[in-house]
2 protein chains.
Amino acid sequence: MTTTETLYTGKIVSLELQDSRWEIVRHASAVAIVALKEGKILLVKQLRRAINAHTLEIPAGLIDPGETPLEAAQRELSEECNLGGSLELISRYIASPGFCDEEIFLFTATHLYENPGTPDEDEDIEVLWLEPKTVLEGMKNGEIVGSSTTIAGCLWALTLG
Amino acid sequence: MTTTETLYTGKIVSLELQDSRWEIVRHASAVAIVALKEGKILLVKQLRRAINAHTLEIPAGLIDPGETPLEAAQRELSEECNLGGSLELISRYIASPGFCDEEIFLFTATHLYENPGTPDEDEDIEVLWLEPKTVLEGMKNGEIVGSSTTIAGCLWALTLG
């Protein structure tokens, strides 16, 4: 039988120790959105404190309590990019199954329209539309580092190929 | 100026609070290996305690202190699959940059040869060689869930396409 000791319970992260040795992180699940318009893909530039760097990533965010993944994706697209659209789930994956249960739901967004939202007060986000080749180059040269954006870039290249 | 409070320091995970509000997880970086032979890709089936499920993933593991990513990839390939090969770094990414600094170095391994290693005593791993279409189907039906395997499957499909 597995024993579980809770070491920390926080706002988005909890930490537990299983069988006195396995460090497991519980983390809210998240959404990420591949928004497409006229052959370009939407990326946001923002400060990521965990790696102390500004990153280029597709829009993403945590699912709030009570929200469905689709509702979270619609909210994030509005908050971060002032957009709405037709959303479709294309992939879901565990970011790092070796120690953490965070699941990421990846959506495409097409037929975009203006849909202003209220950004989180702590977010300072720059929105960019990039060409496919710029995204693939960014994955190669290390400018694009997030797993969701890497997967989005690959899936997108597959669709185009 | 950023203030940082360390809440927990563990074996593979540390937890800190930045500016009294941002929960940041520090985690050892990892490697994952896309081993290819005769048009098939190597996957391992193992229990992942964080999601309480057996997963199909490409071989992967943490980089030990003092190891280079390449050395870690060679060691994991030997320990988990009893194999050696020619390794090449093809991608690196942050699994979940919103809260954690874990970086994953993705290698291909070709020209494989027998190279028995000593598995971790706590690992119970089954090795499988799968066809490309089985991997892509597994990504669609939810049998394959890890980010490194998802990226590997996509990159591989791109190369084949």
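In this text, all values refer to a predicted model and were calculated from it rather than measured experimentally.

**Here's the deal with the relation of the copies chain B and chain A**
Now for step 1: Superposing chain B onto chain A requires a rotation of 180° together with a translation of 0.0 Å along the rotation axis, leaving an RMSD of 0.0 Å. The superposition operator between the copies reduces to a two-fold rotation axis.
Now for step 2: Mapped onto chain A, 100% of the interface residues of chain B are again interface residues, and the two copies thus contact each other with one and the same surface.

**Structural notes on the sheet that holds strand β2 (residues 13-18) of chain A**
Backbone hydrogen bonds are what pair the strands of a sheet, in a parallel or an antiparallel way.
All names here are of chain A.
Now for step 1: The strand order across the open sheet built from three strands is β1-β2-β3, with neighbouring strands paired in antiparallel fashion. Each of the sheet's edge strands pairs with one partner strand only, and the pair in question is β1 (4-9) and β3 (22-27). Direction aside, the axes of adjacent strands within the sheet are offset by 25° on average.
Now for step 2: Inspection of the sheet shows β2 paired to β3 by six bridges, in the antiparallel sense. Following the sheet pairing, Ser 14 is matched in β3 by Arg 26.

**Digging into the sheet that holds strand β1 (residues 4-9) of chain B**
Residues and elements named next belong to chain B.
Now for step 1: Ordered by their spatial adjacency, three strands build an open sheet running β1-β2-β3, and the pairing between neighbours is antiparallel. Lying at the two open borders of the sheet, with one neighbouring strand each, are β1 and β3 (22-27). Averaged over all adjacent pairs, the angle separating strand axes in this sheet is 25°, with direction ignored.
Now for step 2: Of the strand pairs in this sheet, β1 and strand β2 (residues 13-18) are connected by five bridges, and their pairing is antiparallel. Across the sheet, the residue bridging to Thr 4 is Gln 18, located in β2.

The rules behind these values
Residues numbered from 1 in each chain as written. Chains lettered and ligands numbered in written order. Predicted model: local features only at pLDDT ≥ 70, side-chain atom pairs only at ≥ 80, totals over all residues. Least-squares fit on C-alpha atoms with pLDDT ≥ 70 in both. Contact = placed C-beta atoms within 7 Å. Pairing = 2+ DSSP bridges. Helix = DSSP H or I, 4+ residues; strand = E, 2+ residues; numbered from the N terminus. Axes fitted to C-alpha atoms, helices over the stretch in contact; angles between N-to-C directions.

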